[in-house]
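Tertiary structure, described
Read off the chains here:
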Amino acid sequence: MAGIRKRTGKKSFTAIFIFCFVLLLAGCGSGTGGDVVPQEEMESSEPDEGDIVIGISQVGSESDWRTTNTEAYLNTFTEEKGYYLIFEDGQQKQENQVKALRKFILKGVDYIVLDPIVETGWDAVLKEAKDANIPVIIADRNVLVEDESLYICRVGSDFMQEGRNAGEWLAKNLELRGRENTDINIVTLQGTLGSTAQLGRTLGFAEVMEKHPNWNMLEYQSGDFTQAKAYEVMEYFLDTYDDIDVVISENDNMAFGAIEAIKEARLRLGRNGDIMIISFDAVRDALLLVQKGEIAADFECNPITAPLVEEIIQKLERGEAVEKVQYVEETYFDYKMDIEMLLENRTY
Ligand code: GZL
C-alpha cells in the first residue's frame, strides 16, 4: 500500500475506513443504505501492508468486449501479486464514474485507472485527483482535457486507424468485385456518442469515404454499443431505406442486433447478399459470424489493456518515466481467412 503510506499512512487509512463504515451504518439506520457488511468482513477487506491500492472506474458491462476487458483487470491486479483492487462499474453513466473517482480520492488510493465513457467532462475531477497527488492512467477510451498533465498517460486503441482500415478494406473489396464505381449506399450504427471509439471509427471511415464520391452515407444513428438498441435502429434503417448495401457497425454487439433485424426482414447477408456488414471489436462470437459469412470483415479492438496498465504502474513504482500514449496491437479478420485456425490461439 505504498501510496497510502506515502500520502496518509496506514493509521489514517484505517480512520478513513472506519469513517466510511460509520457513514454506511448511519445510512442503513435511515433505511437508505444497502446491507451492512459485518465488521469482521469490513476489517478483513482492508489492504495488506505494502499492497498497491488501485481504483478502477470501468465504463459499464455493455458488450462482450467490455466483459473481456474487465476480466483482464480482475486477473491482472490480484491480491497474490500485491494489489488491492477497488473496481467500480459505471453502468454507462459518466456521473457514476465521477462519483467513483471521488471515492478513490477519499480513500487515498495509490493509482486511479479510468476508462472514460465519453471524452469530455473530466477536468474538475481529474484536477481533484492531481491535487490529492494520485496518478491517473487513462485506459481504452480517451479524455479531452485543457491540461494534459491531469493524467499520466493513456493506453488503448488508435480508433481513427481502425476506421480508416475498415474504409480501405471496403474500397479494396468493392474493387475486387468490379463495384468501385457503382453507387454504394451505407448506414452506420455508431457507438456511444462522444466516446473515443465512436468518434475515431466514424471519422476514420469518413476520411476514406471522401475518396469515393460513389459511396453514399444514408444515415448515422447511435446504437450505444448495445445489441438491443442496434436492433431497433436497424429496423428503422430497413423501414426507411430500401437499398442499403453496407452496414458499418462500430462494435460487434451492435452487429448482432443488426443481423437479427436484417434476417427478420428476410434480406440476405454477406458479400454476395443484399447487405454487407463491417464491424469492430472482433470478439469470438463475431468471428464465428465472419466464418459463416454473415459479417464480411471485423476490425479488432484489443480488450487486453490490463497487462499494459500493470507495466505502467510498475514503472511508476520504480520512479521510471512512461510514454504519454501507448497503442495496443490490433489486426482484422475477413471471410477470406481461416477463422477456425485463428480462433485456436485467441483468448477472447
Ligand atoms: C473500444 C471500447 C468499445 C468497444 C465496445 O475500445 O471502448 O466499448 O468497441 C465497447 O464494444 O462497448
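Above this note sits the structure.
Residues numbered from 1 in each chain as written. Predicted model: local features only at pLDDT ≥ 70, side-chain atom pairs only at ≥ 80, totals over all residues. Heavy atoms only, no water.

This part takes up the overall build of the protein chain. Helix and strand content of the protein chain: 13 helices and 12 strands. Among the 348 residues that make up the protein chain, the fraction classed as buried is 53%. Contacts in the protein chain between residues far apart in sequence, at least 24 positions, make up 73% of those at least 6 positions apart. Accessible area for the protein chain stands at about 15,700 Å²; split by element, carbon and sulfur atoms hold 51% of it. (Helix = DSSP H or I, 4+ residues; strand = E, 2+ residues; numbered from the N terminus. Buried < 20%, exposed > 50% of the residue type's maximum accessible area, 1.4 Å probe, protein only. Contact = heavy atoms within 4.5 Å. Areas by Shrake-Rupley, 256 points an atom, 1.4 Å probe, with all protein chains shown as cover.)

A word on empty space enclosed by the protein. Evaluated as defined, the whole model comprises one cavity of 30 Å³ or more. Size it by volume and the largest cavity reaches roughly 90 Å³. Around the largest cavity, the lining is made up of 13 residues, and of these Trp-65, Arg-66, Arg-141, Phe-225 and Asp-281 lie nearest the centre. Secondary structure elements with two or more residues in the lining of the largest cavity: α4 (64–76) and α8 (196–209). Residues belonging to the lining of the largest cavity are distributed by class as follows: five nonpolar, two polar and six charged. (1 Å grid on protein atoms, 1.4 Å probe; cavity = no way out; pocket = protein on both sides within 12 Å on 5 of 7 lines; lining within 4 Å. Points joined across faces, edges and corners; volume = space filled by probe spheres on them. Nonpolar A, V, L, I, M, F, W, Y, C, P; charged D, E, K, R; others polar.)

The biggest cluster of nonpolar side chains holds 36 residues, and the ones touching the most others in it are Met-234, Ile-244, Val-247 and Ile-277. For this core, the elements supplying multiple residues, two or more each, are β6 (184–190), α9 (227–240), α10 (252–264), α11 (284–292) and α13 (339–344). Of the residues forming this core, the biggest block, seven residues, is contributed by α10. Setting aside anything within four residues of it in sequence, one finds Ile-244 in contact with Asn-185, Val-187, Leu-218, Met-234, Phe-237, Leu-238, Asp-274 and Ile-275. Ranked by size, the runner-up nonpolar core spans 25 residues in total, among them Val-53, Val-59, Ile-112 and Ala-129. (Core = buried A, V, L, I, M, F, W, Y, C linked by side-chain atoms within 4.5 Å.)

Take the site of the ligand next. Around the ligand sit 13 residues in total, of which Glu-62, Asp-140, Arg-141, Arg-201 and Asp-281 are the nearest. At 3.0 Å from an oxygen atom of the ligand is found a side-chain nitrogen or oxygen belonging to Arg-66. Protein chains bury 100% of the 320 Å² of accessible surface belonging to the ligand in isolation. Counting atoms within 2 Å of the grid points, the majority share of the ligand lands in the largest cavity. Where the shell around the ligand is concerned, the elements lending two or more residues are α4 and α8. (Near = heavy atom within 4 Å. Polar contact = N/O pair within 3.5 Å; in protein donor to acceptor, adjacent residues only side chain to side chain. Sits in = over half its atoms within 2 Å of the grid points.)

Under the criterion given, the structure shown has eight aromatic pairs. Between the aromatic rings of Phe-77 and Tyr-83, the centroid separation amounts to 5.0 Å while the plane-to-plane angle is 90 degrees, which identifies the pairing as edge-to-face. Classification of Phe-77 as buried rests on a relative accessible area of 3%. With a centroid separation of 6.4 Å and an interplanar angle of 45 degrees, the aromatic rings of Phe-237 and Tyr-241 are classed as tilted. The buried category is assigned to Tyr-241, whose relative accessible area is 19%. Members of the aromatic cluster, connected to one another through ring pairs, are Tyr-73, Phe-77 and Tyr-83. Taking the ring centre of Tyr-335 as reference, the NZ or CZ of Lys-336 above it sits at 4.9 Å. (Phe/Tyr/Trp six-rings, centres within 6.5 Å; stacked < 30°, edge-to-face > 60°. Lys NZ or Arg CZ within 6 Å of the ring centre and 35° of its normal.)

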